[in-house]
Amino acid sequence: MFAIWDSYRATVELNNIYLLAEKEEPPIEAITVKPFEINYVDKRDPLIAVIWSLSIPGMGQLYLHQIFSAIFVLITTVFFVHFSHVIAAFHYLLLGDIHKSTDILDKQWFFYLPSLYFFNIYETYLNTVENNKLFAAEQKMFLINNYQSFNLKFKSNRVK
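Here the structure is a predicted model, which means the values were calculated and not measured.

Visitor: Is there a simple way to think about the packing of helix H2 (residues 46-55) against helix H8 (residues 112-147) in this case?
Guide: Where H2 contacts H8, the axes come no closer than 9 Å and their chain directions differ by 155°. Classified by the angle their axes make, H2 and H8 are roughly antiparallel. Like other packed secondary-structure pairs, H2 and H8 cross with a definite hand, here right-handed. Only Tyr117, Asn120, Ile121, Thr124, Tyr125, Thr128, Val129 and Asn132 of H8 make contact with H2, whose side of the interface consists of Pro46, Ala49, Val50, Ser53 and Leu54. A class-by-class count of the residues in the contact of H2 with H8 yields eight nonpolar, five polar and no charged.

Visitor: What's the story with unusual backbone geometry in this structure? I'm lost.
Guide: Leave glycine aside and you will find that most residues have negative phi; peptide bonds, for their part, are mostly trans. The phi torsion at His65 lies on the positive side, around 65°, for a residue other than glycine. Mapped onto the elements of the fold, His65 is located in the loop between helix H3 (59-63) and helix H4 (67-84). Relative accessible area serves as the criterion here: at 27%, His65 is assigned to the partly exposed category. The phi angle at His85 is positive, at roughly 60°, despite the residue not being glycine. Mapped onto the elements, His85 comes out in the loop between H4 and helix H5 (86-95). Residue classification places His85 among the partly exposed positions, given a relative accessible area of 38%.

Cut-offs applied
Residues numbered from 1 in each chain as written. Predicted model: local features only at pLDDT ≥ 70, side-chain atom pairs only at ≥ 80, totals over all residues. Heavy atoms only, no water. Axes fitted to C-alpha atoms, helices over the stretch in contact; angles between N-to-C directions. Helix = DSSP H or I, 4+ residues; strand = E, 2+ residues; numbered from the N terminus. Parallel < 35°, antiparallel > 145°, perpendicular 65-115°, else oblique. Left-handed = near helix turned anticlockwise from the far one by under 90°. Contact = heavy atoms within 4.5 Å. Nonpolar A, V, L, I, M, F, W, Y, C, P; charged D, E, K, R; others polar. Buried < 20%, exposed > 50% of the residue type's maximum accessible area, 1.4 Å probe, protein only.

Function-wise, these values are silent; they only describe arrangement.
Here's what the structure looks like:
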């Protein structure tokens, strides 16, 4: 209960900070070079990210250049597959030995796989959409700062 309440409180706090920061229009760095990765703001296709995540867990994160997330998801998936014995169970299922297949399968570890798999797909899609929004904001700020004239006035068609 405490974790749920604390997550809600932190989310409300971060949303308020976001609203304040959005009004100030802070600069967005188009490229960031770190010791382990190079991050740059780029528009990506959410469908491609989902397809990569559907194929192999962690590949959607690699598509988004999230190296550590991809490694974590891949290692976690390997752990869950190993401890659930899902490959051996699938092998016995293909051989037609359903009883041995269900006996060898560790159901507790096996039931972690769908949540990991589908959350990975959802998280990749969501990160792609949010990165595209960040790209649009960075592009807008760049164009305004470099190409918009300060004495540009729009005529209003409103009746006064």
